[in-house]
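Report on the structure
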Amino acid sequence: LLIISIFFKNSGIINYVEYNSILDKHHEIRKNIQTIKKNIPMLRDRLQNEPSYYQGWVMLAKSYIIIDDLLNAAYAYEKALSLKNTDPIVLEEIISVLRRLDPKVNKEKILKYFNQLISLDASNLNVYNMKLNYSIDINDAALTKEILKSIVENPKIKAKKQYLAALEQMETSGIFD
């Protein structure tokens, strides 16, 4: 009892009921992960028999993400996108997986998927901003400049003042000299 009271006193958990609730949730999560691990082989078998089952590939990719198998997640997303490449959520998810794996090694694929996202909705500044963040994360000034130019030159984007200012700042700073 003394150990438990010391733990609670020092842990920031002030309510034993809250602590038990957290433990129960963690137990459920671990149980769900084990269930997912058990179901992955069955899903892979089904996909071997039905390779055009788009939702199955997406489910497999998400399952791999949950168990932190990013290589297999990327592979499953690529299979799904080979069947249907118009789902913006799946495109964003594969970009995220590829970035987590290695943002520089996967640059070509990441840019391909960003461009697919942009082709779905060329006026969506969120996608351009994600792509800008990516270019900054990998420290690619030329890519950043290219993205800024594409925003400024895009007639579907109206709010471009800040992007134009950033582009002008890059051009006058001598980054490309």
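Residues numbered from 1 in each chain as written. Predicted model: local features only at pLDDT ≥ 70, side-chain atom pairs only at ≥ 80, totals over all residues. Heavy atoms only, no water.

1. Topic: the overall build of the chain
Here is the rule: Strands here mean DSSP runs of E at least two residues long; helices mean DSSP runs of H or I at least four residues long; both are numbered from the N terminus. Only protein chains enter the accessibility calculation, which uses a 1.4 Å probe; a residue is then buried when its area is under 20% of its type maximum, exposed when over 50%, and partly exposed in between. Every residue pair with non-hydrogen atoms within 4.5 Å of one another is taken to be in contact. Using the Shrake-Rupley algorithm and a 1.4 Å probe, accessible areas are obtained, with residue cover drawn only from the displayed protein chains.
Helix and strand content of the chain: 9 helices and 0 strands. Along the chain, from the amino end to the carboxyl end, the secondary structure elements read α-α-α-α-α-α-α-α-α. A burial count over the chain gives 31% of its 177 residues as buried. Considering only intrachain contacts with a sequence separation of at least 6, the fraction spanning at least 24 residues in the chain is 44%. Carbon and sulfur atoms provide 55% of the accessible area of the chain, an area that totals close to 11500 Å².

2. A look at the packing of helix H8 (residues 141–153) against helix H9 (residues 161–172)
As a reminder of what qualifies: Helix axes are fitted to C-alpha atoms over the stretch in contact, other axes to C-alpha atoms as well, and angles between N-to-C directions run from 0 to 180 degrees. Roughly parallel here means an angle under 35 degrees, roughly antiparallel means over 145, roughly perpendicular means 65 to 115, and every remaining angle is called oblique. The hand of a helix crossing depends on one turn: near helix anticlockwise from the far one by less than a right angle means left-handed, and clockwise means right-handed. For this scheme, ten residues count as nonpolar: Ala, Val, Leu, Ile, Met, Phe, Trp, Tyr, Cys and Pro. Four count as charged, namely Asp, Glu, Lys and Arg, and the remainder, Gly too, count as polar.
Two elements in contact, H8 and H9, have axes whose closest approach is 9 Å; the angle formed by their N-to-C orientations is 140°. It follows that H8 is oblique to H9 by the angle criterion. The element H8 and its partner H9 pack so that their crossing is left-handed. Where H8 abuts H9, its residues Ala141, Thr144, Lys145, Leu148, Lys149, Ile151 and Val152 lie against Tyr163, Leu164, Ala166, Leu167, Met170 and Glu171. Residue composition of the contact of H8 with H9, by class: 9 nonpolar, 1 polar and 3 charged.

3. Brief notes about the packing of aromatic side chains
In this description, a pair of aromatic rings is defined by centroid distance and the angle of the planes. Heads up, the rule is: Side-chain rings of Phe, Tyr and Trp, where Trp is taken by its six-membered ring, are said to pair if the distance between their centres is within 6.5 Å; with planes under 30 degrees apart they count as stacked, over 60 as edge-to-face, and otherwise as tilted.
Scanning the model with the defined rule gives 2 aromatic pairs in all. Between tryptophan 57 and tyrosine 75 the ring centres are 6.2 Å apart and the planes differ by 80°, which places this aromatic pair in the edge-to-face class. You can see tryptophan 57 sitting in helix H3 (residues 54–66) and its partner tyrosine 75 sitting in helix H4 (residues 70–83), a full 18 residues away along the chain. Judged by relative accessible area, which is 7%, tryptophan 57 ranks as buried. Judged by its relative accessible area of 45%, tyrosine 75 is partly exposed.

4. So, H3
Rules: The span one expects for a helix is its residue count, reduced by one, times 1.5 Å.
With 13 residues, H3 ought to run about 18 Å at 1.5 Å a step, and its terminal C-alpha atoms sit 19 Å apart, in line with that. Of the positions making up H3, those classed as buried are Tyr54, Gly56, Trp57, Val58, Leu60, Ala61, Ser63 and Tyr64. A positive phi of about 65° marks aspartate 68, the residue just after H3.

5. Quick look at the confidence of the model for the chain
Test applied: Each residue carries a pLDDT score, the predictor's own confidence in it, on a scale running from 0 to 100.
Counting all residues, the mean pLDDT for the chain is 89, and 88% of those residues have values of 70 or more. Note on residues 1–8: pLDDT under 50 across the span, and 4 contacts to partners over four residues away in sequence or across chains.

6. Considering the environment of serine 63
Which entries qualify depends on this criterion: Polar contacts here mean pairs of N or O atoms no more than 3.5 Å apart (in protein, one a potential hydrogen donor and the other a potential acceptor; neighbouring residues in sequence count only if both atoms are side-chain atoms).
Topologically, serine 63 is positioned in helix H3. Considering only alpha carbons, one finds serine 63 and alanine 76, 13 residues apart in sequence, at a separation of 9.8 Å. Aside from chain neighbours lying at most four places away, what touches serine 63 is Ile36 and Ile40. A polar contact of 2.8 Å, which involves the side chain of serine 63, links it to the backbone oxygen of methionine 59.

7. Topic: the packing of H3 against helix H5 (residues 88–101)
Interhelical geometry of H3 versus H5 gives an angle of 35° and a closest axis separation of 12 Å. The element H3 and its partner H5 pack so that their crossing is left-handed. Judged by residue contacts, Tyr54, Val58, Lys62 and Ile65 of H3 engage Val90, Glu93, Val97 and Arg100 from H5. Its residues assigned to classes, the contact of H3 with H5 comprises 5 nonpolar, no polar and 3 charged.

8. Some details on unusual backbone geometry
The phi angle at aspartate 68 is positive, at roughly 65°, despite the residue not being glycine. Of note in this structure, asparagine 139 is not a glycine but carries a positive phi near 60°. Residue placement: asparagine 139 occurs in the loop between helix H7 (125–137) and H8.

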